[in-house]
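# Remarks on the overall topology
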Number of protein chains: 4
Amino acid sequence: LLKETETTEPQTGSIRDDITVKEGDSVLLYLAPRKSWLVKAGDADLHTHAGIINLKKIIGMKFGQSVESSLGRNLTLLRPRLPDKIMRIQRLTQIVYPKDMGLISALTGLGNGDIVVECGTGSGALTIFLANAVSPTGRVYTFESRRDFAELAAKNIRKAGLEHIVELNVEDFSRKEKFPFKADVAVVDVGDPWTIVPQMRRALKGSGFLVGICPTFNQAEKLVTTLEGNEFVDIGTYEVILRPIDAREGRTRPSTRMVIAHSAFLTFARKST
Amino acid sequence: LLKETETTEPQTGSIRDDITVKEGDSVLLYLAPRKSWLVKAGDADLHTHAGIINLKKIIGMKFGQSVESSLGRNLTLLRPRLPDKIMRIQRLTQIVYPKDMGLISALTGLGNGDIVVECGTGSGALTIFLANAVSPTGRVYTFESRRDFAELAAKNIRKAGLEHIVELNVEDFSRKEKFPFKADVAVVDVGDPWTIVPQMRRALKGSGFLVGICPTFNQAEKLVTTLEGNEFVDIGTYEVILRPIDAREGRTRPSTRMVIAHSAFLTFARKST
Amino acid sequence: LLKETETTEPQTGSIRDDITVKEGDSVLLYLAPRKSWLVKAGDADLHTHAGIINLKKIIGMKFGQSVESSLGRNLTLLRPRLPDKIMRIQRLTQIVYPKDMGLISALTGLGNGDIVVECGTGSGALTIFLANAVSPTGRVYTFESRRDFAELAAKNIRKAGLEHIVELNVEDFSRKEKFPFKADVAVVDVGDPWTIVPQMRRALKGSGFLVGICPTFNQAEKLVTTLEGNEFVDIGTYEVILRPIDAREGRTRPSTRMVIAHSAFLTFARKST
Amino acid sequence: LLKETETTEPQTGSIRDDITVKEGDSVLLYLAPRKSWLVKAGDADLHTHAGIINLKKIIGMKFGQSVESSLGRNLTLLRPRLPDKIMRIQRLTQIVYPKDMGLISALTGLGNGDIVVECGTGSGALTIFLANAVSPTGRVYTFESRRDFAELAAKNIRKAGLEHIVELNVEDFSRKEKFPFKADVAVVDVGDPWTIVPQMRRALKGSGFLVGICPTFNQAEKLVTTLEGNEFVDIGTYEVILRPIDAREGRTRPSTRMVIAHSAFLTFARKST
């Protein structure tokens, strides 16, 4: 673990190199803040207000390099990472924001091998995040009662390449008597989370974490009081306020606008038995 | 992926069951909010203000069950998860808080297989978080110039069981000419992060993420202006404000106290070439 | 109004001069942030951890000058202003904070001549603030059902020298049928403000402002829905978060601690008829 | 001061009655949140998306009553108060927001009789607020070096009816050697407030308050360090974050949008001599 002044030889050559764009690769073309396009290398020309970009020309370039548009603008070829994909999924529902996903992951300590149960798949944004967090040996069992949401979520999860981690159940979670697993973490993103606390208890291991995502104070309050009455311990509710800062030489300040001033209250609790 | 009303048979029996406390297991004894103790099953009696707890008696119990203290108080046996361990490591330095770790993970999309370089290991709290996030096939190359910090960090990382993921270099990062890896994500937690931007560029893949952790706005400003002058794109700075909520029946409100009102500004950027 | 380069002669000589400390004057002895003492010039010696201060010696000095303690520490003679007095009143109740008083004043446009009705005098802190704001020709009618609170408030209001502006009624506001005034602004600082909305309507002029101070969101919600059902318009609820900033050369940042992370939600509405 | 169950007879009959709209009166026609119009009773018809409103018809009505538009919509006749006027002044500059005005007033304890000096009149919004706060016997000496700003401010101050309280100097404050007054409170709203600290000292009484309004961290930092070097004491910097709350039955939460996420840092200090 502890090295002196020499670092070890890398295990594989691949970790030494920049990555080459191959045909069919997803590429995030970055022009400016909030001006970027997620494309596929090799597809037809992309037309933007900054000119036309030839998506065949980018094959063979390295991620990090720039391509010039027909109007002489440079766009950087960024390698899409998880949040680039999540924030661009097709949606039928409000999705959970990265600021909230981050706290869920950090406070529950999500990691490889964890079994997660999710109630309320919605468009699948959080499902994708959870599946990535428990990869490669964990599993996410997610439940969605509306078929249209479930079908969209399935499409989004497949696009993210995480279908082998996820089992998506088109089913009314509130009627569920038995679960063929015991989860380390249960995440609830439905309008009335307090109604399914008994199901959540059954789906959770002893000591497992329950996380509730509630847009309103009223929901958070009902969830917390129900958890208190159902032998959950270590209960805490938080709001994550993400404050963008405009950092510029000699005139740095918090941004004057905040696009997401509030999303949800996050409640955390652990199952005692 | 998409299941109808029947869930699959679990892959292994182990995911169906509650977990039994075995001798030598870490156990978090939970009494009340901010009143919990991280112990080892089988160790000598634990003496607390709530009475004495016999740590031999808990062997064979299930996580989630409660043990009674000599004063008749019940303590829940919680299975420690990553944040329980991280927040209790031995420290010589200020550590990064879960609220900030979460945003780093969520905005960079950290996951299994990622190569991470960290400058400023400190006590190793963030190193442990990053190592868990990229497990089992990723790797964290961390650099710390102070031997005392590095030795403590090594001890903490080993205790977290993540030493196979981490390479800890006792070395002055700012003098580093070559790196035997190219990282997907670089994390800088030093006092003058702008001075090592060239080294960070060399350690990063094209399109890789740089994350800077800066307590003051002056540091964030200098880091951002340096990144702008060094071909980084998609630069953004954020502060995570974690607001605790007191959810109680009929009288829910934000907590009147906030223990951590500010920790750091987090800057994110991606390397163009 | 619009002057060119010459300013007018002051109306009176008194506005040209520093102010001399006279016997019996209130003086705020300032040593350091949160280390100051409100004293009376001419009183017996003040004993502090920073030494003894002779309060006779300060008579005849100018406000702004410093006095030396027996231990050689300098304390500045500050002339107490309203918040210095308000924050030091004797209390039997939680008081409204300056951050919230300020918003009440700014959003209702309180000024000289306004008639204010206040329900829930408590210790009188807000009463003093309101009385100062409507001085010298306005009036504050305040109601407190608990005699012990009212007596303390009367003492505090007299000490602030505002007794000629205030009429303090020891009376159950909720049973009040008629008011011998019509107020421009009504301020409610009781636990169940929604129960006295009809009384508030009777005490208010058409178009007058109602302001409710509610620690919990449950109270704010009930107040707002009751106001909506009672012909109030232009209803808005706000929380004032006062963020202290540590401004120091080269290392400026939000303070790591926030003493008052939440006090109350403030609801504003105007009476339609 | 302390009344038992009988309230005093009102001093004048006028404080018992609702107020009648007279020809020429300013009236705020309120339709819905952020849908209101400041008009003069007796003026020509007002055309809005909610129909035409006859402004002659409202003469003789009471404030608080509603007038019907040609499309059958009801608009409440609100009596404009100070913030209604301030937020609608004609502007050539960014104006100070009520949330910040409120803190300035509350922390300095502004009141009748205070002498205020303001550097940077701008469009006069803050000047109007300050003049109202020190009415009827106080005075605001305001300085603006740009004639166009000063002329607009003069117009705005006259419209607010506060010209007898204000002396507006078209003059470069930074070259000012002598002041014919000593102020209780000095307010600085210019881009480089630290450059005029010596002038501010000369314009202030001993123990007087200086308030600096700085949009950026950098300005606040320079102002604070300059004040520390110029014998100011009790120095503090704050940011007021005004959080709008959507209070609705059963689904109350912080608003998802925040129009003003940041305006300025406010620095407070007192002059020692």
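Here the structure is shown first, and the text comes after it.
These notes cover the structure that comes with them. (Residues numbered from 1 in each chain as written. Chains lettered and ligands numbered in written order. Predicted model: local features only at pLDDT ≥ 70, side-chain atom pairs only at ≥ 80, totals over all residues. Heavy atoms only, no water.)

One can find B:Asn218 in helix H6 (residues 217–228). Here C:Arg251 takes part through its backbone nitrogen, which lies 3.4 Å from a polar atom of the side chain of B:Asn218. Not counting chain neighbours up to four residues away, the residues in contact with B:Asn218 comprise C:Gly250, C:Arg251, C:Thr252 and D:Glu221. (Helix = DSSP H or I, 4+ residues; strand = E, 2+ residues; numbered from the N terminus. Polar contact = N/O pair within 3.5 Å; in protein donor to acceptor, adjacent residues only side chain to side chain. Contact = heavy atoms within 4.5 Å.)

What follows covers the relation of the copies chain A and chain B. When chain A is brought onto chain B, the operation consists of a screw motion whose angular component is 180 degrees and whose axial shift is 0.0 Å, with 0.0 Å RMSD remaining. The superposition operator between the copies reduces to a two-fold rotation axis. Nearest to the rotation axis, the C-alpha of A:Gly102 is located 1.9 Å from it, this being the minimum over chain A. Interface overlap between copies: 100% of the residues of chain A at the interface are likewise at the interface in chain B, consistent with a symmetric, same-surface contact. (Least-squares fit on C-alpha atoms with pLDDT ≥ 70 in both.)

A separate point is the relation of the copies chain C and chain A. With an axial shift of 0.0 Å and an RMSD of 0.0 Å, the rotation relating chain C to chain A amounts to 180 degrees. Both copies present the same face, since 80% of the interface residues in chain C are matched by interface residues at the equivalent positions in chain A.

What follows deals with the interface of chain A and chain B. Contacts between the two partners involve 101 residues from chain A and, on the opposite side, 102 residues from chain B. The contact between chain A and chain B buries some 8,200 Å² in all, and 57% of this surface belongs to carbon and sulfur atoms. Considering only the surface of chain A that becomes buried against chain B, A:Leu1, A:Arg81 and A:Pro180 emerge as the three largest contributors, covering 10% of it. At the junction of chain A with chain B, the criterion picks out 8 salt bridges. Across the pair A:Arg81 and B:Asp114 runs a salt bridge whose closest N-O atoms are separated by 2.5 Å. Of the residues assigned to the side of chain A that touches chain B, the class counts are 46 nonpolar, 24 polar and 31 charged. Where strand E13 (residues 232–246) of chain A lies against strand E13 (residues 232–246) of chain B, 9 bridges are found, and the strand directions are antiparallel. (Buried area = accessible area lost by both parts, 1.4 Å probe. Salt bridge = Lys/Arg side-chain N within 4 Å of Asp/Glu carboxyl O. Nonpolar A, V, L, I, M, F, W, Y, C, P; charged D, E, K, R; others polar. Pairing = 2+ DSSP bridges.)

Summed over the entire model, instances satisfying the criterion amount to 57 salt bridges over all chains. In this structure, the salt-bridge partner of A:Lys205 is A:Asp184, at a minimum N-O distance of 2.8 Å. Of this pair, A:Lys205 sits in strand E12 (residues 204–214) while A:Asp184 sits in strand E11 (residues 183–188), and the two are 21 residues apart along the sequence. For the pair shown, A:Lys205 and A:Asp184 are each scored as buried. Measuring nitrogen to oxygen at the nearest pair gives 3.7 Å for the salt bridge that ties B:Arg175 to B:Asp172. The exposure class of B:Arg175 is exposed, given its relative accessible area of 67%. Members of the salt-bridge network, linked through shared partners, are A:Arg79, B:Asp184 and B:Lys205. (Buried < 20%, exposed > 50% of the residue type's maximum accessible area, 1.4 Å probe, protein only.)

Moving on, we come to the packing of helix H2 (residues 98–108) of chain A against helix H2 (residues 98–108) of chain B. At their nearest, the axes of H2(A) and H2(B) sit 7 Å apart, and the two run at 120 degrees to each other. Comparing the axis directions of H2(A) and H2(B) gives the class oblique. By crossing handedness, the relation of H2(A) to H2(B) is classed as right-handed. Residue-level contacts link A:Pro98, A:Lys99, A:Gly102, A:Leu103, A:Ser105, A:Ala106 and A:Leu107 of H2(A) to B:Pro98, B:Lys99, B:Gly102, B:Leu103, B:Ser105, B:Ala106 and B:Leu107 of H2(B). Residue classes in the contact of H2(A) with H2(B) are distributed as 8 nonpolar, 4 polar and 2 charged. (Axes fitted to C-alpha atoms, helices over the stretch in contact; angles between N-to-C directions. Parallel < 35°, antiparallel > 145°, perpendicular 65-115°, else oblique. Left-handed = near helix turned anticlockwise from the far one by under 90°.)

Another aspect to go through is the pairing of strand E7 (residues 74–78) of chain C. Residue and element names in this part refer to chain C. In terms of burial, E7 is a largely internal element, 4 of the 5 residues being buried. Sheet topology note: the strand E6 (residues 66–68)/E7 ladder contains 3 bridges and is antiparallel. Among the inter-strand pairings, Val67 is bridged to a residue of E7, identified as Leu75.

Taken by themselves, the reported measurements are silent on function.
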